Amino acid sequence: MPALPLHEAGKYVAGAYLVFLVLLLVYVAIMSSRLARIDRELAELADLAERRSPEPEREKVPA
Amino acid sequence: MKLPSLRATAIAAVVLLGVGYALAFFYAPNDANQGFIQKVFYLHVPLAICALTGFIVAAVFAILHLRSGDAKYDARSYVAIHISVIFGVAVLITGAIWARASWGKWWVWQEPTLVSFLIVFLLYCTYYPLRYAIADRDRQARYASVFAIMAGAFVPLNFIAVRLANTLVHPRVFATSEGGLPPKMCLTFGVCIAGMALLWVTLVRFELAAKAARGRLRRLRRALEGGDAIAGGGSRIAPAVPTATSRP
Amino acid sequence: MTAFRVILAKDLRIELRTLESVPAMALFAVTTFVLFRYGLDRSSLAGGLAAGVLLATVLFAAIIAVNRLFVAEREEGGFDAIRLAPVDLTALWAAKAVALFVYLLALELIAVPIFAAFFLDSWAGIGPLAAVLVLVDVGLGAVGALVSSLAASSRARDLVGPLVLLPLLVPLMIAAANAAQPLLAAGGPSYGDVGKWLLILALYDLTFAAIGYAVFDFVVED
């Protein structure tokens, strides 16, 4: 097939690069929601630790 | 992984990709035969090369895992395959777009590289159900490593077979840096491939860091709440990254 | 060496007595031929189409056997037994691979003449086709035994086995189809490219035999 004229080819090229960008951004979005969850859990656990530390003679749970 | 290294690779990846694509659109000449559509190759080929290399890297990690028994290699193998599969999706979609622009159809069986890649991609997609179906963590990791090694050896075999099956039908439609590429295009390709490779490394390290953090969180939670705490959202198949802190 | 022989003899003896795999494979193959006759609306096949039908049928029959390969080991504790015995663990894989090879040979001895009777105009290509099929069976044996052992410990084993197996077999099928196509050509067999494809088949077989030999220990380990 002969080469597509610029205005046609341009759409395909743009489409390809757009797909790449979208995939990358979707990945970033997924990772950021994971990070948010890690953050939340960390806050929870920090809270828990905070509540525990004023009572050092509490029975240590074997970890 | 120490964070400064992750940041360094991330920045390097962004810089190289930025420069690479700027070169692709403003510096590299238009291909005489394919015209503007050839620009897709600065995206499609680096993605493909990185994905395939990623699969080989995963096989190497798998070998290391089987030889040492250290779970961190299993985690690296898993993540390498994971990121490479994602790159693979991008390869196939960009390949289809190129096929549509060049041949009018969304898929062409005559393009041996693309077909080989599809088969490899399909194989690595079966990695997830395989892991998912094995309950015992240890065995799951071991069998996954066996699979990764098998699949890694499969990649070159597959390309040879498909290439040979196609040469009689069509000449190679798509020539890369071997023979005939003007130096401007070569340079652009080089930068794009380097940038994509760094992107792959960045994403792998990123994913590993996230896993490590989750693993540490789980351990922390267990330590604070006791044995009956349910670890939040632990994945059934994703291997846990062991940390330096030994179990008390 | 003896462990290999013992396991192989056990498997073949069981198969001979219970006739679990081979008759099912043969029946499946013949029924598939009938399906193809109507699905393709052709009563005579040649060249690439004939090769494709035959090989696809052999492939799916092989999957039936692969699913059953390690059932006894899994259910009766064969994996444990071989782990405890002072033998090379790889003997289990080798024995299973050869057993699968034998089942496939038996299947082809039944199915190929029937295929020829159903679809082929000339039997001239069958002789050299046998060489192609032997190489295909070696590959199927090596890969099938390895994948079957991986799937044996998984939950959805009848699904995971074929799922992982099929993409791995694509290069084998490509080589086999390309080798068989000129042999089954309408005007009589021609041998031009066959050597090249036989070499690819041999390369595939060697590669996966080597891999199976190298990694099987890790599959059986506790």
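Scroll up a little and you will see the structure.
Residues numbered from 1 in each chain as written. Chains lettered and ligands numbered in written order. Predicted model: local features only at pLDDT ≥ 70, side-chain atom pairs only at ≥ 80, totals over all residues.

Chemist: Whenever I open this one, the overall build of chain A confuses me. Can you help?
Modeler: Broken down by element type, chain A carries one helix and zero strands. Counting every position in chain A, which comprises 63 residues, the buried fraction comes to 8%. (Helix = DSSP H or I, 4+ residues; strand = E, 2+ residues; numbered from the N terminus. Buried ≥ 20, exposed ≤ 12 C-beta atoms within 10 Å, placed from the backbone.)

Chemist: Hey, could you run me through the interface of chain A and chain B in this one?
Modeler: Note on interface size: it is often stated as the accessible area lost on association of the parts. Listed by partner, the interface residues are 26 residues for chain A and 32 residues for chain B. In the side of chain A that touches chain B, the residues fall into 21 nonpolar, two polar and three charged. (Contact = placed C-beta atoms within 7 Å. Nonpolar A, V, L, I, M, F, W, Y, C, P; charged D, E, K, R; others polar.)

Chemist: Got a minute to help me understand the nonpolar core in this structure?
Modeler: Most often, soluble globular proteins have nonpolar side chains that are buried together. Phe147(B) and Ala176(C) are the most contacted members of the largest nonpolar core, which totals 158 residues. Examining the composition of this core, we find that 16 residues originate from one element, helix 2 (residues 41-68) of chain B, more than from any other. Contact partners of Phe147(B), with chain neighbours within four places excluded, come to Tyr127(B), Leu130(B), Leu150(C) and Val164(C). (Core = buried A, V, L, I, M, F, W, Y, C linked by C-beta atoms within 7 Å.)

Chemist: Help me out: how do you make sense of the interface of chain C and chain B in this one?
Modeler: Between chain C and chain B, the contact holds 23 residues from the first and 26 residues from the second. Only helix 7 (126-152), helix 8 (157-183) and helix 9 (194-220) of chain C provide two or more residues apiece to the side of chain C that touches chain B. A per-element tally of the side of chain C that touches chain B places helix 8 of chain C first, with ten residues. Its residues assigned to classes, the side of chain C that touches chain B shows 18 nonpolar, four polar and one charged.

Chemist: Where do I start with the environment of Leu6(A) in this structure?
Modeler: Along the chain, Leu6(A) falls in helix 1 (residues 6-52). For the pair Leu6(A) and Glu41(A), spaced 35 residues apart in the sequence, the C-alpha separation amounts to 52 Å.

Scope: geometric values only; no functional claims are made or implied.
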